[in-house]
Amino acid sequence: MNGSLNNKNIILGVSGSIAAYKAPNIVRRLQDLGAEVRVILTKGGSQFITELSLQVTSKNKVYNNLWDKEAELSIRHIELAKWADTILIAPASANTIANLTLGKASDLLGSVILASNCPIFIASAMNQQMYTSNSVQANLKKLAKRQILIIAPESGWQACGDIGEGRLAKSSYIAQRVGNIFQNTKLSGKKVLITLGGTIEVIDPVRYLSNHSSGKMGSALADACIESGAQVTLVHGNINVTLNQKAQIISAMSAKEMYQSVMDNIAGQDIFIACAAVSDYSMKNIEKNKIKKTEQNDMATIRL
Ligand SMILES: Cc1cc2nc3c(=O)[nH]c(=O)nc-3n(C[C@H](O)[C@H](O)[C@H](O)COP(=O)(O)O)c2cc1C
C-alpha cells in the first residue's frame, strides 16, 4: 500500500460492460492505495454485477438512483459531486461515454459528473469493433479535449471471442493512474520531450514504407509524466492512440521530419525519451508520380 490515495474520496462509476465483474477488484486496488470508495452503478451496470458485491467491497451504500428519497434534505447528486476528490468510470460503456460526451444528466452518474469539478477518469471496455468505431473514437477525442483523463483499454481475447483492443485495463494499473494525480510533484517544473509512433517514408504519391508501431508506449509515458507534473511535448509519427491533450502535440511523418522537429524543440528540455519506431531506410529518390505496374512487376526495385 503506497498511500497515494490516503484521505481521498473516489466515486467509482460502474456502467454496462461485461467487464463490470472486475469492479470489486478495482474498488480493492483503490482501497489498497488508501482511498474511500463510493460506487454509482448504472442501470446497465446492474445487469452485470450486483449491488451487494459492490456494497460489501466498498463498505458503503451503492448509489443507483437519481430520484433518491433517502437523501432527505440534501440532493444526492450534488452531495456526491461535492464529496468526491476524483471520479473514475470503470468500466465505461460506449453508451456512458456517449452520454458523457453529450453532457447528459439523465441518470445519477451523468448528473454527478456535471455537478463536479474534480478530475474525471474513464477506462473504457467493449468489443473491439465497438471500440474502434468512428463514434466511440470521436467521443473519446472530444472527452480528452475537455481534460477528461482517458485510461486506454488493452488488446487481447475478448468475452465475445474477438481478439482486439477493448479489454478493460488492469485494475492495479487503473488505481495507480488515479493515484498518480495526487502525487504530481515528482516531475513538476520539468520539461519532457517524447517521440512516438512509426515514421512514414514516402515511396511515391500513393505508397509509403512504415511499421506496426501504435504509439501506445509513448502515449502511456506521456500520461505518466503529465500526471507527475511535467510539461510534455510529443513528436509523433503514424499512431493509433488518443493523445493526452495536455501535451504539446507535433506531427512529424518521416524520419527526417521527426529529427528536425526534435532538434527544433530539444532546447530547454530536461528529459528526452525516444520511443518512436524510426525507419532505418528512406527512399533514395521519392518518385514524383505513381510507380506504374509493369509486365515485369516482380522485378520492380526500389532503392533505399
Ligand atoms: C451481454 C452484453 C454485454 C455487453 N457488453 C458491453 C461492453 O462490454 N461494453 C459496452 O460498451 N457495452 C456493452 N453492452 C451494451 C450495454 O450494456 C448497453 O449499451 C447499455 O445500455 C449500457 O448502459 P449504461 O452505459 O447506462 O451502463 C453489452 C450488452 C450485453 C447484452
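A. Highlighting the sheet that holds strand 5 (residues 149-151). Strands sit in the order 2-1-3-4-5 across an open sheet of 5 strands; the sheet is parallel. Strands at the two margins of the open sheet, each flanked by one partner only, are strand 2 (36-41) and strand 5. Averaged over all pairs of adjacent strands, the angle between strand axes in this sheet comes to 20°, irrespective of strand direction. Bridge count for strand 1 (residues 9-14) against strand 2 is 6 bridges, and the pairing is parallel. Bridge pairing links Ile-10 to Val-37 in strand 2. Across the face of the sheet, helix 3 (residues 76-83) comes into contact with strand 1 and strand 2 while running at roughly 145° to strand 2.

B. Examining the packing of aromatic side chains more closely. Throughout the structure, instances matching the rule amount to 0 aromatic pairs. The side chain of Arg-38 reaches across the aromatic face of Trp-83, ending 4.2 Å from its centre.

C. Main features of the site of the ligand. Residues in contact with the ligand amount to 15 residues; listed here are only the nearest, Gly-16, Thr-42, Ser-93, Ala-94 and Thr-96. A distance of 2.6 Å separates an oxygen atom of the ligand from a polar backbone atom of Gly-16. At 2.6 Å from an oxygen atom of the ligand is found a side-chain nitrogen or oxygen belonging to Thr-96. Among the elements that take part in the shell around the ligand, helix 4 (residues 94-102) stands out by supplying 3 residues, more than any other. Looking at side-chain class alone, the shell around the ligand contains 6 nonpolar, 9 polar and no charged residues.

D. Region of interest: the sheet that holds strand 13 (residues 271-274). What the 4 strands build is an open sheet, ordered 12-11-8-13; its pairing is parallel. Edge strands, defined here as strands with exactly one partner in the open sheet, are strand 12 (248-251) and strand 13. When the angles between neighbouring strand axes are averaged without regard to direction, this sheet yields 15°. By the bridge criterion, 4 bridges tie strand 8 (residues 191-196) to strand 13 in an arrangement that is parallel. Each residue of the ladder has a partner; that of Leu-193, found in strand 13, is Phe-272. Docked against the sheet, helix 9 (residues 216-227) engages strand 8, strand 11 (231-236) and strand 13, running at close to 165° with respect to strand 8. Those strands touched by helix 10 (residues 255-265) are strand 8, strand 11, strand 12 and strand 13, and its axis lies near 180° from that of strand 8.

E. A look at the domain arrangement of the protein chain. What the domain assignment reports for the protein chain is domain 1 (9-183) and domain 2 (191-274). Summarising the inter-unit geometry, the C-alpha centres of domain 1 and domain 2 are found 29 Å apart. Together, the buried faces of domain 1 and domain 2 total about 1,000 Å²; carbon and sulfur atoms form 47% of this surface. Taken together, the links from domain 1 to domain 2 amount to 3 salt bridges. The shortest N-O distance in the salt bridge between Arg-177 and Asp-223 comes to 3.6 Å. Between the two partners, domain 1 and domain 2, sit 2 residue pairs in polar contact (both at pLDDT 80 or more). Elements with a minimum of two residues in the side of domain 1 that touches domain 2: helix 7 (134-145), strand 5 and helix 8 (171-180). No other element matches the 5 residues that helix 7 contributes to the side of domain 1 that touches domain 2. Of the residues that constitute the side of domain 1 that touches domain 2, the class distribution is 6 nonpolar, 5 polar and 4 charged.

F. Fine view of the pairing of strand 6 (residues 154-157). The sheet contact formed by strand 6 and strand 7 (residues 163-167) spans 4 bridges and is antiparallel. Note that in strand 7 the partner of Ser-155 across the bridge is Glu-165. Once strand 6 ends, the chain turns through 5 residues before running back antiparallel as strand 7, passing Gly-161 with a positive phi of about 100°.

G. Representation of the nonpolar core. In terms of nonpolar packing, the biggest core is built from 31 residues, with Leu-12, Leu-30, Leu-88 and Ile-174 touching the most fellow members. If you list the elements that add at least two residues to this core, you get strand 1, helix 1 (23-32), strand 2, strand 3 (86-92), strand 4 (120-124), strand 5 and helix 8. Broken down by element, the residue count for this core peaks at 4 residues, all from helix 1. Sequence-distant contacts of Leu-30, that is, excluding residues within four places in its chain, are made with Leu-5, Ile-10, Ala-35, Val-37, Leu-88, Ala-175 and Val-178. Of all hydrophobic cores here, the second largest spans 29 residues; its members include Ile-87, Cys-118, Ile-120 and Ile-150.

Conventions used here
- Residues numbered from 1 in each chain as written.
- Predicted model: local features only at pLDDT ≥ 70, side-chain atom pairs only at ≥ 80, totals over all residues.
- Heavy atoms only, no water.
- Pairing = 2+ DSSP bridges.
- Helix = DSSP H or I, 4+ residues; strand = E, 2+ residues; numbered from the N terminus.
- Axes fitted to C-alpha atoms, helices over the stretch in contact; angles between N-to-C directions.
- Contact = heavy atoms within 4.5 Å.
- Phe/Tyr/Trp six-rings, centres within 6.5 Å; stacked < 30°, edge-to-face > 60°.
- Lys NZ or Arg CZ within 6 Å of the ring centre and 35° of its normal.
- Near = heavy atom within 4 Å.
- Polar contact = N/O pair within 3.5 Å; in protein donor to acceptor, adjacent residues only side chain to side chain.
- Nonpolar A, V, L, I, M, F, W, Y, C, P; charged D, E, K, R; others polar.
- Domains from an automatic or database assignment.
- Buried area = accessible area lost by both parts, 1.4 Å probe.
- Salt bridge = Lys/Arg side-chain N within 4 Å of Asp/Glu carboxyl O.
- Core = buried A, V, L, I, M, F, W, Y, C linked by side-chain atoms within 4.5 Å.
- Buried < 20%, exposed > 50% of the residue type's maximum accessible area, 1.4 Å probe, protein only.

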